[in-house]
Amino acid sequence: MKELAVCTAVGICVGLYVQHVRLGREKEVAPPRAPSKFIRKASVTCEFCCAPEPHILPHSHSMVWEDDQPLTYVAKHAESSGRLILMRHGQSVWNRKPDRPDETWRYAGTVDIPLSDVGIQEALQAGESLQHIPLDMVFCSQMDRARATVSLALSIHDSGRTPIIVYNSPLDQPDFEDLYDVEDPSTFAIPVYVTPALNERNFGSLQGVPSTHHPKNLAPVRNEFNRKFPGNKGESCADIEARVMPFFRAFIEPQLAAGKNVLVSTHGFVLRTIMKSLEAMDEDIFNAQMKLEKSNPSECRLLAPTGVPIMYDYCDGAFVPVPQSRRDRAKSIARSAPTY
């Protein structure tokens, strides 16, 4: 019995040694990892690097891309003309209700919450406004409310193309690799690039807090370009501009310059910040316009209502606002009550 135990122990040791040698050799001959064409900076569980808060949702698989390659894939639709469509998501379950302004609401910000029943209808109404406009690609925030708005709005689009979320870099042509026996997926699919750069403003320590428990006189914090919300992660509109506009200039504007029509589905403060940049507003004009949003919305150039597309034509490097129809302008004004 003693000899059997000794033999067993020796056998185990020999087996472990052989396994160690084999693994060591495999490690030695393993080919080096190919360099990535772009830098992954998304999931906080990424083994290589992690983008700082507040731009990343913990469960996200999306990426921030950094590269200087030109975007050359996918020919534009024959009727596209370099039109930018900015669309705020439909009303969420935490938005203040314009018809019930005294009810409790909550700042959502980077909290990933869904559309309300009203928001679902607003998304479909946005789809009616976009129904006949050719679309070549979509950029969207990570938030469920922005992604759901895209899905609902495009479900009634004339093209019949299906919006499909793409997680690789927009520098590469989407291959939709899980679709089989298809020669050209772009005939029935439209790529939707999800990016944390378009996430909503982080409202810091006020996110999820009932409006009945907010400190008084938040208007300057909300409206002034350089004022941050309280808390370590609280953002100002200047912070939003610093993360949104580099992405916009690198990835969205080149598509418009190539004559493509691009839909951007995002959030209220992101839209206001983009509009500030596209219309070359300085900080003082921005602050004044934000005050008009509540006091005199008919004169405000920064209205960002839920579910009402805002359009610009790209012309020789400039963004020219497309006048809203009377119906859409009326919706914009009606929905201009504080909704966060």
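Only a predicted model underlies this, so the values are computations on that prediction, with no experimental measurement involved. (Residues numbered from 1 in each chain as written. Predicted model: local features only at pLDDT ≥ 70, side-chain atom pairs only at ≥ 80, totals over all residues. Heavy atoms only, no water.)

Trainee: Tell me about the UniProt feature "binding site: substrate" (unreviewed entry) in the chain, residues and numbers included.
Mentor: Those places that UniProt annotates as "binding site: substrate" (unreviewed entry) correspond, in this numbering, to Arg88, His89, Gly90, Gln91, Ser92, Val93, Trp94, Asn95 and Arg145. Within the element layout of this structure, Trp94 appears in the loop between strand E1 (83–88) and helix H2 (117–130). Of the residues examined, Trp94 reaches a relative accessible area of 23% and is grouped as partly exposed. Residue contacts for Trp94: discarding those within four places in its chain leaves Trp105, Arg106, Tyr107, Ala108, Val111, Ile113 and Gly208. Following the sequence through the fold, Arg145 ends up in helix H3 (residues 144–154). Beyond its immediate stretch of four places on either side in the chain, Arg145 contacts His89, Ser92, Ala108, Gly109, Val111, Asp112, Ile113, Pro114, Leu115, Glu200 and His267. Here the side chain of Arg145 touches Val111 through a polar contact of 2.9 Å, landing on its backbone oxygen. (UniProt positions renumbered as here; feature names shortened; annotations may be inferred. Helix = DSSP H or I, 4+ residues; strand = E, 2+ residues; numbered from the N terminus. Buried < 20%, exposed > 50% of the residue type's maximum accessible area, 1.4 Å probe, protein only. Contact = heavy atoms within 4.5 Å. Polar contact = N/O pair within 3.5 Å; in protein donor to acceptor, adjacent residues only side chain to side chain.)

Trainee: Which residues make up unusual backbone geometry, and what values go with them?
Mentor: In this model, Ala280 sits at a positive phi of 55°, which is unusual for a non-glycine residue. Here Ala280 lies in the loop between helix H6 (268–278) and helix H7 (283–295). A residue is classified by how much of its surface remains accessible, and Ala280, at 66% relative accessible area, is exposed. Here the phi dihedral of Asp316 falls at roughly 50°; this positive angle occurs in a residue that is not glycine.

Trainee: Can you break down the UniProt feature "site: Transition state stabilizer" (unreviewed entry) in the chain residue by residue, with the values?
Mentor: UniProt tags His267 as "site: Transition state stabilizer" (unreviewed entry). Mapped onto the secondary structure, His267 falls in the loop between strand E5 (262–266) and H6. Taking relative accessible area as the criterion, His267 reaches 0% and is therefore assigned buried. Beyond its immediate stretch of four places on either side in the chain, His267 contacts Arg88, His89, Ser141, Met143, Arg145, Ala146, Leu198, Asn199 and Glu200. For His267, the side chain forms a polar contact with the side chain of His89, separated by 3.5 Å.

Trainee: Quick one: what's the story with the environment of Glu279, residue by residue and with numbers?
Mentor: Relative to the helices and strands, Glu279 resides in the loop between H6 and H7. In sequence terms Glu279 and Arg301 are 22 residues apart; their C-alpha atoms lie 9.4 Å from each other. If near-sequence neighbours (up to four positions away) are discounted, Glu279 is found in contact with Arg301, Tyr312 and Pro321.

Trainee: How would you sum up the confidence of the model for the chain? Please name residues and give values.
Mentor: Scored by pLDDT, the chain comes out at a mean of 79, with 72% of its residues at no less than 70. Here residues 1–10 scores under 50 on pLDDT; set against residues more than four positions off or in separate chains, the count is 0 contacts. Taken as a whole, residues 16–64 scores under 50 in pLDDT and shows 64 contacts with residues more than four places along the chain or in a different chain. (pLDDT = per-residue confidence, 0-100.)

Trainee: Run through the pairing of strand E6 (residues 310–315), naming residues and quoting values.
Mentor: Inspection of the sheet shows E1 paired to E6 by 4 bridges, in the antiparallel sense. The residue of E6 that forms the bridge with Leu86 is Ile310. In the sheet, E6 pairs with strand E7 (residues 318–321) via 4 bridges, with the strands oriented antiparallel. Along E7, the bridge assignment pairs Tyr312 with Pro321. The hairpin turn running from E6 into E7, its antiparallel successor, is 2 residues long, and Asp316 in that turn takes a positive phi close to 50°. (Pairing = 2+ DSSP bridges.)

Trainee: Go over the nonpolar core with me, naming the residues and quoting the values.
Mentor: Where a protein is soluble and globular, its nonpolar side chains tend to be buried together. The biggest cluster of nonpolar side chains holds 45 residues, and the ones touching the most others in it are Leu84, Leu86, Phe139, Phe248 and Ile252. Mapped by element, the contributors of at least two residues to this core are E1, strand E2 (137–140), helix H5 (237–257), E5, H6, H7 and E6. No other element matches H5, which puts 10 residues into this core. Once you skip the residues sitting within four places of it in the chain, Ile252 turns out to touch Leu84, Phe139, Phe247, Val262 and Val264. Grouped together as the second largest cluster of nonpolar side chains are 16 residues, Ile85, Leu135, Val138 and Ala146 included. (Core = buried A, V, L, I, M, F, W, Y, C linked by side-chain atoms within 4.5 Å.)

Trainee: Now, about the packing of H2 against H3: what can you tell me, with residues and values included?
Mentor: Following both chains from N to C, one finds H2 and H3 inclined at 50°, their axes separated by 7 Å at the closest point. By the angle between their axes, H2 is oblique relative to H3. Considering the relative orientation of H2 and H3, their crossing is right-handed. Contacts from Ile120, Ala123, Leu124, Ala126 and Gly127 in H2 reach Thr149, Leu152 and Ala153 in H3. (Axes fitted to C-alpha atoms, helices over the stretch in contact; angles between N-to-C directions. Parallel < 35°, antiparallel > 145°, perpendicular 65-115°, else oblique. Left-handed = near helix turned anticlockwise from the far one by under 90°.)

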